[in-house]
Amino acid sequence: MEKVILVGVENQENFKTFTESMAELANLAETAQGEVVGEMIQKRQAIDRRTILGKGKLLELQSLVESTEADVVIFNHEVSARQARLIEEVVNVKILDRVQLILDIFAMRAKSKEGQLQVELAQLNYLLPRLVGQGLALSRLGGGIGTRGPGETKLETDRRHIRQKVTLIKRELKQTEEHRERSRQKRKESSVFQIGLIGYTNAGKSSIMNLLTDTKTYAENQLFATLDPLTKKWQLPEGLETTLTDTVGFIQDLPTQLIEAFQSTLEESRSVDLLLHVVDATSSNRSQQEDTVLELIDSLDMKHIPVLTVYNKADLLDVDEFVPTLFPNCLISAHQEADQEILTQAIIKQMKELFLPFEMTLEPKEAYLITQMQQEVLLDEYEYDEEKNNYFLKGYAPKQSKWVREVSDDLLEW
Ligand SMILES: Nc1nc2c(ncn2[C@@H]2O[C@H](COP(=O)(O)OP(=O)(O)OP(=O)(O)O)[C@@H](O)[C@H]2O)c(=O)[nH]1
Ligand SMILES: [Mg+2]
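Predicted model, so just to flag it, every value in this text is computed and none were measured.

Visitor: Tell me about the overall build of the protein, and name the residues and values.
Guide: Counting secondary structure elements, the protein contains 13 helices and 13 strands. Seen along its three principal axes, the alpha-carbon backbone of the protein occupies a region of about 90 × 50 × 35 Å. Across the protein, the fraction of contacts at a sequence separation of at least 24, relative to all contacts at a separation of at least 6, is 68%.

In structure tokens, the structure reads:
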């Protein structure tokens with residue numbers, strides 16, 4: 001385990017969320033298998049352009065590194081190559097920033113070929129501008145946090161080599177993207193109602209996926225436990241078939257390089273009919289986490305998709321004291337089997353708002369259609385009318401549903 005010192009400069013720009021952000025940095029460092037042995041905070045009007053910390057503080061950092069025998073210093077700010085070099089000259093250990101740390105965790109987590117390629121692309125994109133005129137030798141970093149990567153070769157310093165690699169990875173990713181696009185298209189054509197889980201990392205998205213479906217996806221008390229999107233069928237008790245997609249979690253200051261690299265993964269959520277925004281209701285940092293996710297929904301062009309907020313981890317809360325901030329919402333615990341019902345009903349309520357209400361009758365000879373309909377619409381009522389010798393059906397159907405079209409034809413005939 002590497003010993004880590006965390007550094008942050010509290011300034012006019014970040015003072016509102018500074019404490020939480022530092023706590024999150026500690027959490028990230030631990031997720032990357034670091035042991036936090038010290039923290040250094042400086043209050044300053046703005047960060048120092050050359051060394052982030054002021055001169056005096058930098059010397060303090062140097063003695064803290066020595067006394068704690070730290071292996072690495074992680075800054076809660078983006079650190080340019082030049083800044084890293086200047087700081088390193090003083091403290092004599094590896095310097096990393098928040099972005100590199102997040103990239104490193106992603107590199108650890110990436111399991112699928114696609115995930116690995118995406119992380120490698122993000123790392124290379126992060127590296128490229130940092131190489132300009134620097135001749136920065138990555139080898140000096142040695143091993144450990146900040147140097148992990150899924151690529152077989154160590155990250156190379158040669159810019160040309162990196163550019164070639166970027167082109168190569170993009171080409172490979174394009175193929176998986178096309179494959180993904182095809183299955184997504186297929187799902188769209190089959191007009192299955194699609195639900196996407198999104199939310200801050202560690203909010204409980206995968207746990208909710210597990211609660212609703214019988215799958216056992218990886219749910220862990222770790223940041224970014226999930227990297228690869230996973231889509232599962234989920235059938236509502238009334239019979240309607242939907243799909244549920246679990247995906248990568250969001251975090252404040254999600255590196256733009258990552259967002260770019262993970263475009264196709266995030267695409268999975270862009271085409272859904274309903275988003276479940278999972279929020280850790282117990283987080284002391286809840287409102288900032290909510291804002292982060294809302295901003296990302298916005299920047300990922302997903303603003304047109306209806307959202308149901310799912311406040312999670314209710315088992316750890318005094319439920320009566322809880323005050324929600326986003327609507328519509330429901331409050332559940334993914335760890336309580338009984339809450340499956342609450343969540344399901346909340347989802348159905350949202351679906352009804354998106355669907356069109358319909359009523360129709362079917363001749364006895366058409367009764368075989370009912371089973372099929374049950375899988376494609378929300379059927380509230382269906383009964384056989386003995387006097388009229390027909391079936392009466394009532395419910396809600398997706399707007400583009402063939403059942404709705406057929407019903408309206410029926411209505412015209414009458
Ligand atoms: N007490 C309690 N813990 C929960 C609940 N839901 C999830 N957790 C825990 O919270 C942690 C994170 O859960 P995950 O389901 O992995 O969260 P996630 O949103 O998928 O996280 P990432 O994939 O890392 O973004 C795990 O340790 C879960 O056991 C809940 O309702 N109550
Ligand atoms: Mg997960």
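Back to the text.
Visitor: Give me the lowdown on helix α10 (residues 286-299), citing residues and values where you can.
Guide: The terminal C-alpha atoms of α10 lie 20 Å apart, and with 14 residues this matches the ideal 20 Å at 1.5 Å per residue to within 8%. Considered for burial, the residues of α10 that qualify are Q289, E290, T292, V293 and I297. Around the axis of α10, the buried residues are gathered within 160° of arc, so they sit on the same side. Along α10, the residues that are exposed and aim more than 90 degrees away from the buried face are D298 and S299. Turning to α10, the residues buried within the fold contact β5 (193-199) and β8 (274-280). Backbone geometry just downstream of α10 places D301 in the positive-phi region, at approximately 60°.

Visitor: Help me get a handle on the nonpolar core, residues and values and all.
Guide: By size, the foremost hydrophobic cluster in this structure holds 98 residues, and its most contacted members are V73, I74, L101, I102, L103, F106 and V310. When sequence neighbours within four positions are dropped, the list of residues in contact with L101 reads L28, A29, A32, I74, L96, I145 and G146.

Visitor: So, the domain arrangement of the protein: which residues are in play, and what are the values?
Guide: Taken domain by domain, the protein comprises domain 1 (2-104), domain 2 (109-170), domain 3 (192-353) and domain 4 (356-413). If you average the C-alpha positions of domain 1 and of domain 3, the two centres end up 32 Å apart. Contact with domain 1, which involves 10 residues of that partner, is made by 10 residues of domain 3. The set of elements that each furnish at least two residues to the side of domain 1 that touches domain 3 consists of α1 (18-31) and α4 (98-109). Counting residues per element, the side of domain 1 that touches domain 3 draws most heavily on α1, which supplies 5 residues. Along the lines of polarity and charge, the residues of the side of domain 1 that touches domain 3 split into 4 nonpolar, 4 polar and 2 charged.

Visitor: I'd like a description of the sheet that holds strand β10 (residues 329-331), backed by residues and values.
Guide: Pairing in this open sheet of 6 strands is mixed, and the strands run β6-β7-β5-β8-β9-β10 from one edge to the other. Sheet topology places β6 (230-235) and β10 at the edges, where each strand pairs with a single neighbour. If you compare each strand with its neighbour and ignore which way they point, the axes differ by 25° on average. Pairing of strand β9 (residues 307-312) with β10, which is carried by 3 bridges, proceeds in the parallel orientation. Residue T309 lies in a different strand from β10, and its bridge partner there is N329.

Visitor: Explain the pairing of strand β7 (residues 241-246) to me, using residue names and the numbers behind them.
Guide: Examined bridge by bridge, β5 and β7 share 4 bridges and lie parallel to one another. When the sheet's bridge partners are listed, Q194 is paired in β7 with T243. Pairing of β6 with β7 involves 6 bridges; the strand directions are antiparallel. Bridging from a neighbouring strand, T231 pairs with T245 of β7. The turn linking β6 back onto β7 is made up of 5 residues, and G239 within it adopts a positive phi angle of 120°.

Visitor: Kindly report on the sheet that holds strand β13 (residues 390-397), identifying the contributing residues and their values.
Guide: Ordered in space as β11-β13-β12, the 3 strands form an open sheet in which the pairing is antiparallel. A strand with exactly one partner marks an edge of an open sheet, and here the two such strands are β11 (356-362) and β12 (378-385). Averaged over all neighbouring strand pairs, the angle between strand axes comes to 10°, with direction disregarded.

About the cut-offs
- Residues numbered from 1 in each chain as written.
- Chains lettered and ligands numbered in written order.
- Predicted model: local features only at pLDDT ≥ 70, side-chain atom pairs only at ≥ 80, totals over all residues.
- Helix = DSSP H or I, 4+ residues; strand = E, 2+ residues; numbered from the N terminus.
- Contact = placed C-beta atoms within 7 Å.
- Expected span 1.5 Å × (residues − 1).
- Buried ≥ 20, exposed ≤ 12 C-beta atoms within 10 Å, placed from the backbone.
- Arc of directions from axis to C-beta.
- Core = buried A, V, L, I, M, F, W, Y, C linked by C-beta atoms within 7 Å.
- Domains from an automatic or database assignment.
- Nonpolar A, V, L, I, M, F, W, Y, C, P; charged D, E, K, R; others polar.
- Pairing = 2+ DSSP bridges.
- Axes fitted to C-alpha atoms, helices over the stretch in contact; angles between N-to-C directions.

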